[in-house]
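# Close look at the chain arrangement
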Amino acid sequence: MDFFYPGKGRHGDLPPRPDFAGRWHPRLIAAMPHLQLTLLIGSFAQRHYLGTREPLTATVRRYTDFLPGTIPLVHPSPLNFRWLARNPWYETEVIPQLREGVRAALA
């Protein structure tokens, strides 16, 4: 969502700068006219692009609602091991769909 890491907050990373995505993302997307797949990694990206206010898990669980052009994902951080353990469907359902989406976009 930003090209700058804002640092750690009390409950995870601090949010990206509020004006960055609105100012720069349209320009970047316009420069990629053949874009086929958008990966929305984390709640900040999902809220911005999907307008969702539900918890991250609920949005990612509904990943099929956003196919084929968009896939909401959790951040691939080693700190997410507890989330991954509580949500085994992510690795069995979402990751294969992610692989297929990337394969199709690169074909």
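You'll find the structure just up there.
Keep in mind that this is a model prediction, so the values were computed, not measured. (Residues numbered from 1 in each chain as written. Predicted model: local features only at pLDDT ≥ 70, side-chain atom pairs only at ≥ 80, totals over all residues. Heavy atoms only, no water.)

## Some points on the overall build of the chain
Within the chain one finds 5 helices and 4 strands. For the chain, the sequential pattern of α-helices and β-strands runs β-β-α-β-α-α-β-α-α. Scaling as 2.2 N^0.38, a compact globule of 107 residues should have a C-alpha radius of gyration of about 13 Å, and the chain matches this with 14 Å. The buried share of the chain, taken over its 107 residues, is 27%. Looking at the chain as shown, the accessible area adds up to about 7,500 Å², and 60% of this sits on carbon and sulfur atoms. Separation between the mean location of the 13 positive side-chain charges and that of the 8 negative ones in the chain comes to 6 Å. (Helix = DSSP H or I, 4+ residues; strand = E, 2+ residues; numbered from the N terminus. Rg over C-alpha atoms; globule rule 2.2 N^0.38 Å. Buried < 20%, exposed > 50% of the residue type's maximum accessible area, 1.4 Å probe, protein only. Areas by Shrake-Rupley, 256 points an atom, 1.4 Å probe, with all protein chains shown as cover. Lys, Arg positive; Asp, Glu negative; His and termini not counted. Charge placed at Lys NZ, Arg CZ, Asp CG, Glu CD.)

## Comments concerning helix α5 (residues 89–106)
End to end, α5 covers 25 Å across 18 residues, agreeing with the expected 26 Å (1.5 Å per residue, within 8%). Of all the bends in α5, the greatest reaches close to 25° and is centred on Ile-95; the proline Pro-96 follows between one and four positions later. When we look at burial in α5, the residues that qualify are Trp-89, Tyr-90, Val-94, Ile-95, Leu-98 and Gly-101. On its buried face, α5 is in contact with β3 (38–41), α3 (56–61), β4 (70–73) and α4 (81–86). (Expected span 1.5 Å × (residues − 1). Bend = angle between axes of the 7 residues up to and from the residue. Contact = heavy atoms within 4.5 Å.)

## Here we look at the pattern of salt bridges
Applying the stated criterion to the full structure yields 6 salt bridges. Note that Arg-17 and Asp-2 form a salt bridge whose closest N and O atoms lie 2.5 Å from each other. Of this pair, Arg-17 sits in the loop between β2 (12–13) and α1 (20–30) while Asp-2 sits in the segment before β1 (8–9); the two residues are 15 residues apart in sequence, bridging distant segments of the chain. For Arg-17, a relative accessible area of 39% corresponds to the partly exposed category. For Asp-2, a relative accessible area of 15% gives the class buried. For the salt bridge of Glu-100 with Arg-103, the shortest nitrogen-to-oxygen distance reads 2.8 Å. Separated by 3 residues within a single helix, Glu-100 and Arg-103 lie in helix α5, roughly one turn from each other. Shared partners join several salt bridges into a network, and the residues in it are Glu-54, Arg-62 and Asp-65. (Salt bridge = Lys/Arg side-chain N within 4 Å of Asp/Glu carboxyl O.)

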